[in-house]
Each structure stands twice: as structure tokens, then as C-alpha cells.
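Architecture at a glance
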Amino acid sequence: MLRIIDRYLLRELALTFLGISAVLLLISIGETLIAVLNQVARGRVPADLLVAMIGLRAIDSLNVLLPLAVFLGVLLAYGRLYRDSEMAVLSASGLDVTGLLRPVALFVMPVAAALALIAFWIAPAAVRLSQHLVDEANRSLLIAGLEPGRFVALPGREGIIYVGDMSAGGSTFSRMFVESERLESDGSSQIDIITAKNGELYRDTSGGDRFLALKDGFRVEGRPGKDDFRLLRFERNDIKLADNDAVDSSEAVKRAVVTSELWSSSDSLQVAELHWRLAPVISVLVLALMAVPLSRTSPRQPRYGSMIVAVLGYIVYANFLALGRSWIAHGKLAPAWGLWWVYLPAILVALWLIGRGQRLKGRKPRLAAA
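**Points about the overall build of the chain**
Counting its secondary structure elements, the chain contains nine helices and six strands. Counting every position in the chain, which comprises 370 residues, the buried fraction comes to 43%. Residue pairs at least 24 apart in sequence account for 63% of intrachain contacts in the chain once pairs closer than 6 positions are excluded. Surface accessibility of the chain: about 20,100 Å² in total, with carbon and sulfur atoms responsible for 62%.

**Description of helix 7 (residues 268-294)**
At Ala 279, helix 7 is bent by approximately 35°, the largest bend along its length, and proline Pro 280 sits one to four residues beyond. Counting buried positions over the 27 residues of helix 7 gives 20, a clear majority of the element. You can read the cap of helix 7 off the contacts: a side-chain oxygen lies 3.1 Å from the backbone nitrogen of Leu 269, and it is on Asp 267.

**Structural notes on unusual backbone geometry**
Most peptide bonds take the trans configuration, and most residues that are not glycine carry a negative phi. Even without a glycine there, the phi angle at Arg 175 is positive, about 55°. With respect to the helices and strands, Arg 175 occurs in strand 3 (residues 172-183). Despite not being glycine, Asp 216 has its phi angle at roughly 55°, a positive value.

**Some points on a nonpolar patch on the surface**
A grouping of Ile 308, Val 311, Leu 312 and Ile 315 is seen on the molecular surface, where their side chains present a nonpolar patch of about 340 Å² in accessible area. Looking at the element boundaries, Ile 308 is found in helix 8 (residues 305-329).

**Side note on helix 2 (residues 50-83)**
Because an α-helix packs 3.6 residues into every turn, residues spaced three or four apart end up facing the same way. At Leu 62, helix 2 is bent by approximately 45°, the largest bend along its length. Extensive coverage of helix 2 is indicated by the burial of 24 of its 34 residues.

**Side note on the environment of Tyr 78**
Considering the arrangement of structural elements, one finds Tyr 78 in helix 2. Sequence separation between Tyr 78 and Ser 295 is 217 residues, and the spatial gap between their C-alpha atoms is 5.8 Å. Those residues in contact with Tyr 78, other than ones at most four positions away along the chain, are Leu 9, Leu 13, Met 87, Leu 100, Pro 103, Val 104, Val 292 and Ser 295. Within the structure, the side chain of Tyr 78 is placed 2.9 Å from the backbone oxygen of Leu 100, a separation counted as a polar contact.

**Digging into the pairing of strand 2 (residues 159-166)**
Taken together, the three bridges between strand 1 (residues 151-153) and strand 2 define a ladder with antiparallel strand orientation. Of the residues in strand 2, the one forming a bridge with Ala 153 is Ile 160.

**Points about the packing of helix 2 against helix 7**
Orientation of helix 2 relative to helix 7, taken along the N-to-C sense of each, is 15°, at an axis distance of 8 Å. If you check the angle between helix 2 and helix 7, you find them roughly parallel. In this structure, helix 2 meets helix 7 at a crossing whose hand is right-handed. Contacts between helix 2 and helix 7 involve Asn 63, Pro 67, Val 70, Phe 71, Val 74, Leu 75 and Tyr 78 on the former and, on the latter, Pro 280, Val 284, Leu 287, Ala 288, Met 290, Ala 291, Val 292 and Leu 294. Broken down by class, the residue content of the contact of helix 2 with helix 7 amounts to 14 nonpolar, one polar and no charged.

**A word on the pattern of salt bridges**
Any two side chains of opposite charge can pair if their charged atoms end up close together. One pass over the structure, following the stated rule, counts 11 salt bridges. Among the salt bridges present, the one from Arg 219 reaches Glu 221, with a minimum N-O distance of 3.2 Å. A relative accessible area of 9% places Glu 221 in the buried class. The salt bridge involving Arg 230 is made with Glu 221; its shortest N-O contact spans 2.4 Å. With a relative accessible area of 49%, Arg 230 lands in the partly exposed category. In this structure, a network of salt bridges that share partners links the residues Asp 192, Arg 219, Glu 221 and Arg 230.

**Describing the nonpolar core**
Core analysis: the biggest nonpolar cluster contains 64 residues, and Val 70, Phe 71 and Tyr 78 have the highest contact counts within it. Those elements that place two or more of their residues in this core are helix 1 (4-41), helix 2, helix 3 (86-92), helix 4 (101-137), helix 7, helix 8 and helix 9 (340-362). When residues of this core are assigned to their parent elements, the largest contribution, 14 residues, is made by helix 7. Core analysis: the second largest hydrophobic core is formed by 14 residues, Phe 173, Met 176, Leu 201 and Phe 234 among them.

**Regarding the environment of Gln 190**
With respect to the helices and strands, the residue Gln 190 is situated in strand 4 (residues 189-203). By relative accessible area, Gln 190 is classed as buried at 12%. For the pair Gln 190 and Arg 223, spaced 33 residues apart in the sequence, the C-alpha separation amounts to 4.8 Å. When near neighbours in sequence (up to four residues on either side) are disregarded, Gln 190 contacts Ser 180, Glu 181, Arg 182, Glu 184, Glu 221, Gly 222 and Arg 223.

Here is what the cut-offs are and how they apply
Residue positions are counted from 1 within each chain, in the order its sequence is given. Per-residue local features are limited, in this predicted model, to residues with pLDDT of at least 70; the limit for side-chain atom pairs, both in listing and counting, is 80 or more; totals at the level of whole chains, interfaces and linings are taken over all residues. Processing note: side-chain calculations cover all non-hydrogen atoms of the structure and skip hydrogens and water entirely. Starting at the N terminus, helices and strands are each numbered in turn, a helix being any DSSP run of H or I of at least four residues and a strand any DSSP run of E of at least two. Each residue gets one of three labels from its accessible area relative to the maximum for its type: buried under 20%, exposed over 50%, partly exposed in between, using a 1.4 Å probe on protein chains only. Residue contacts follow a heavy-atom distance rule, with two residues in contact if any of their heavy atoms lie within 4.5 Å. Method for areas: the Shrake-Rupley scheme with a 1.4 Å probe, in which residue coverage is limited to the protein chains shown. Bend is computed residue by residue as the angle between axes fitted to the seven residues ending at the residue and the seven residues starting at it. Here a polar contact is recorded for every N or O atom pair within 3.5 Å, except that within protein the pair must consist of a potential hydrogen donor and a potential acceptor, and residues adjacent in sequence are included only if both atoms are side-chain atoms. Grouping into patches uses exposed residues only, defined as over 30% relative accessible area, and leaves out salt-bridged ones; the cut-off is 9 Å for like charges and 5 Å for nonpolar side chains (Val, Leu, Ile, Met, Phe, Trp, Tyr). Salt bridges are identified by distance alone: a Lys or Arg side-chain nitrogen within 4 Å of an Asp or Glu carboxyl oxygen. DSSP-based pairing: two strands are paired if at least 2 bridges between them are found. Geometry is summarised by axes, namely lines fitted to C-alpha atoms with helices restricted to the contacting stretch, and by angles between N-to-C directions that run from 0 to 180 degrees. Working rule for angles: under 35 degrees goes down as roughly parallel, over 145 as roughly antiparallel, 65 to 115 as roughly perpendicular, anything else as oblique. In this scheme the handedness of a crossing depends on how the near helix is turned from the far one: anticlockwise by less than a right angle means left-handed, clockwise means right-handed. Residue type decides the class: Asp, Glu, Lys and Arg count as charged, Ala, Val, Leu, Ile, Met, Phe, Trp, Tyr, Cys and Pro as nonpolar, and the leftover types, Gly among them, as polar. Definition used in this section: a nonpolar core is a set of buried Ala, Val, Leu, Ile, Met, Phe, Trp, Tyr and Cys residues joined via side-chain atoms within 4.5 Å.

Now the structure itself:
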């Protein structure tokens, strides 16, 4: 059975946590919206995938947002109780600092379980689905920025391209005109004009590069002002399009690996990814423990004085986690160490601060001399 004080503190923690989570999620969605809109404008992601991409990336960002939201939630909730002298009343009623850990534990355990589900299964699945959607979209000429009946800049090259007609899926086309220009070693410019009756968009066997397969056309090459132009007729001519930076980066591929494969892998990159997925689950427990003593303030202290110190501590903690991940990935740190060399000192510091708060509370005031 929960005590009345436990229910009261749990309610304070939950409400503060939900408010901070909403604010952090809105900030994350705003940043994601800007990034995805930039990719849409550059023809890297189709506009109809905008909402799906934002939602999937928001799920992936929960691994970072929720531990921070828990840390700030405990800081603000308990900090307010200290500033409003409610903690003084609770202390006079017999509630010590360690008694504050019970509602924090009851609050954090479900969050840690949800984070484990997100970090190990939901977030990787969201990354895989995001990659799949963009991969499917990149099989269409529409994602390359081509529209039938319009002259547009040739993706990744100096020149223009025109498509007279295009299939509904954007994979095949007819009546194409391509004009490009390149600079020669002697400083002169070389123009290249290609026309084709029809063609299609395809990807190579590795699935990385995209090509336009032009069929039944002509190619004219030469330098302006010179009479050495060449006219070629071809049955097929392939043109490579620019690499799509929105798809298949090594980081995205690594985050999309199924967790069961990471457990059995000996590759340093995948071992680092496994420890990184475990980090949010352990961090939410460590940060909640750390926030309890850091929230201790007096009514006369500046409202956000201790908050600044706590946030700086969080930044140092997060940077050490990122550094440890990099060391494991590059083989500079044994996988057996993992990121425990970051967790354990943080736990010891938190326990020391809790014990120090207990000792300060136990001191008796000195009696004034008569």
C-alpha cells in the first residue's frame, strides 16, 4: 500500500515529468521538421513522407529525451518542495532524504521499463521503417527532383534535364533531354547534350547508387566555339545521379540492426551500439538518483542556481557516455568495461551527496553562550 506522502510525491513527479517531456518533444519535433523540410526541398525525401518521417524520428529521439526529462522532473519537483518549505514540514514529520527515494523509485521503474522497450525494439524498428520508406521513394524519379514537362537542375551535376512524360510511379520516362557542362584540364568547357526516346531509373546491385538508363537516343559532345563536335547514337546510355545523403548512412544502418544480432556480434561497432542502447535504461536510474540530492535548496537560494549546476553535471555525464561509445567502437576500450566506468562514479557521487545531506541534517544547532 502506498503512503499518503508517497502518492503526493508521485503525483508531483509525474506531472512535472509529463510537462518537461512535452516541451522537450516539441523542441525535438521542431528540429526534425526543419531537417526533413530541408531534405524535401532538396528532393531527397518526398513531401508525402513528411509526417511519417517526423513521427519515426521522434520515436528514435525518446532514448535521449526521457532520461533528461526524468532528471529535470525530479530536480524541479523536489526543488519546488524545498523552496516552498514543504520539505521542512515533511522533515519535521520524520521523512528523511532516503525516504524521498521510495517515490522516485516507484516513478522511475516504469519509465526504465518503457525505455528498455523503446531502445531495444521500438526505436530500431522505427529506423528500419524510415529507411524502407525512403528507399522505396528513391526508386522514383520524383524523389530525384524530376517532374514531367519542366526543365530542372540535374541532381548532383552542372546542367539541366527535361522529361516529357513519366509513369505514375516515376520509374520510367520518355522524351528526355539532358544538357551538362564540365571544365577540362586546360580550362576550356565541354558541353554534353543527350536526348533519349525513353528510359528508366534503377539502382545498382549493392542498392547504393542510382542511375538513369537512357535508351534509343543521341549524344552530342564538344567545346563551344570549336568545330570538333561529335555526334553519337546509342542504344543505351547510363547516367549516375547524385548520392542520396538522406538514406543509408553508416550511423542509420547501425541503429537499425536488430538487437538480437547485437548480442551475438563481436564487431566493435555493433558492441558499441549495444552498450548505447543499454545506456538510456541505466541512465534514467542513475540520473534520478543523482537528482534527489541535487534538488536540495533553501528558500533564500536563487531559483535556478542549483539547476544550472545540475544541468552542467548532466552535460558532463552525457559527454562521457558519447566518449565511451566512441572508444568502444574504435577498439580503444574493452567491451567488458562498457559504459560502467561512467555509471559507477555517478552512482557513488549521488550516494555521497545523499549521505552528506543526511549528516548536515543530523547536526544539532549550537547553543548561544549565556
